[in-house]
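Structure at a glance
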Amino acid sequence: MRYFLDTEYDGFGGRLLSLALVPEEEGDEEFYAIIAPAEATSEWVQRHVIPYLNHVPEALREAPMLPADAAQALGHYLAHDEAPEICADWPEDLAHLARLLVTGPGVMVRVPPFTLRLLDMTGFSTAANSKVPHNALHDARALRTHVTKHLEGIA
């Protein structure tokens, strides 16, 4: 199955704050995690990201998770899929997802083999097309909507 990924992080090269995966099919289960501590050092992120971390449906709203717990939850979410394809419009999103899976020296969360795909989304902004800009879940949904409606040839 194809999933669309978005993350929020504390400025360039900064710590992961939240991560969302939404499946290609609307209505299928989505994944959203806020990573503890849910705070930022970047002034821009404090204004434009932190206040919106919990603007998600009640069913997905949870307390911030420690990175290892978020990694385990992500592994559990992906476990049902034999070969997930994870698509993102920004390389740092893919890097944050990969880093989250590493939980210690030589230790990673068990996940099925998956493919990471960086999409060329020149001229498209997830935040500009999102219902809640700079919220990973809403931005991932915006990416899914754009790709499934306008770029079906990427499969």
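Details of the structure are given in the entry above.
Report follows, based on the coordinates.

Conventions used here
- Residues numbered from 1 in each chain as written.
- Predicted model: local features only at pLDDT ≥ 70, side-chain atom pairs only at ≥ 80, totals over all residues.
- Heavy atoms only, no water.
- Core = buried A, V, L, I, M, F, W, Y, C linked by side-chain atoms within 4.5 Å.
- Buried < 20%, exposed > 50% of the residue type's maximum accessible area, 1.4 Å probe, protein only.
- Helix = DSSP H or I, 4+ residues; strand = E, 2+ residues; numbered from the N terminus.
- Contact = heavy atoms within 4.5 Å.
- Pairing = 2+ DSSP bridges.
- Axes fitted to C-alpha atoms, helices over the stretch in contact; angles between N-to-C directions.
- Lys, Arg positive; Asp, Glu negative; His and termini not counted.
- Salt bridge = Lys/Arg side-chain N within 4 Å of Asp/Glu carboxyl O.
- Phe/Tyr/Trp six-rings, centres within 6.5 Å; stacked < 30°, edge-to-face > 60°.

Comments concerning the nonpolar core
- Core analysis: the biggest nonpolar cluster contains 22 residues, and Leu-5, Leu-19, Leu-21 and Leu-74 have the highest contact counts within it.
- At the level of secondary structure, the elements contributing two or more residues to this core comprise strand E1 (2-9), strand E2 (16-23), strand E3 (31-34), helix H2 (67-78), strand E4 (85-88) and helix H3 (91-101).
- Top contributing element to this core by residue count: H2, with five residues.
- Residues in contact with Leu-74, not counting those within four places in the same chain, are Leu-19, Leu-21, Phe-31, Leu-97, Leu-100 and Leu-101.

Brief notes about the sheet that holds E1
- Taken in spatial order, the five strands make up an open sheet running E3-E2-E1-E4-E7, and their pairing is mixed. Edge strands, defined here as strands with exactly one partner in the open sheet, are E3 and strand E7 (115-118). Taken over all neighbouring pairs, the strand axes of this sheet differ in orientation by 25° on average, direction set aside.
- Of the strand pairs in this sheet, E1 and E4 are connected by three bridges, and their pairing is parallel. Of the residues in E4, the one forming a bridge with Tyr-3 is Ile-86.

Thoughts on the side chain of Asp-93
- Structurally, the position occupied by Asp-93 is in helix H3.
- Comment: no salt bridge for buried Asp-93; closest opposite-charge side chain is Arg-99, at 9.0 Å.
- Once you skip the residues sitting within four places of it in the chain, Asp-93 turns out to touch Leu-5, Asp-6, Thr-7, Tyr-9 and Ala-88.

Things to note about the pattern of salt bridges
- Applying the stated criterion across every chain, the model contains six salt bridges.
- Across the pair Arg-47 and Glu-43 runs a salt bridge whose closest N-O atoms are separated by 3.1 Å. Residue Arg-47 and its partner Glu-43 are located together in helix H1 (residues 43-48), separated by four residues, close to a single helical turn.
- When its relative accessible area of 56% is taken as the criterion, Glu-43 is described as exposed.
- Here Arg-117 makes a salt bridge to Glu-85, at a shortest N to O gap of 2.9 Å. Of the two residues, Arg-117 sits in strand E7 while Glu-85 sits in strand E4, which places them 32 residues apart along the sequence.
- Assessed through its relative accessible area of 27%, Arg-117 is described here as partly exposed.

Topic: the packing of aromatic side chains
- Under the criterion given, the structure shown has two aromatic pairs.
- Note on Tyr-3 and Tyr-77: the rings are 5.8 Å apart at their centroids and 65° apart in plane angle, and the pair reads as edge-to-face. Here Tyr-3 is found in strand E1, whereas its partner Tyr-77 is found in helix H2, with 74 residues between them in sequence. Side by side, Tyr-3 and Tyr-77 carry an identical accessibility label, which is buried.
- Consider the rings of Phe-31 and Tyr-77, whose centres lie 5.5 Å apart with planes at 40°: the pair is tilted. Residue Phe-31 is found in strand E3, and its partner Tyr-77 is found in helix H2; the two are separated by 46 residues along the sequence. Each member of the pair, Phe-31 as well as Tyr-77, is classed as buried.
- A connected cluster of aromatic rings, assembled from ring pairs, spans Tyr-3, Phe-31 and Tyr-77.

Some words on unusual backbone geometry
- With an omega of -5°, the peptide bond running from Ala-36 to Pro-37 counts as cis.
- Checked against the element boundaries, Pro-37 lands in the loop between E3 and H1.
- With a phi angle near 65°, His-134 is a residue other than glycine that sits in the positive phi range.
- Residue His-134 is classed as partly exposed on the basis of its relative accessible area of 22%.

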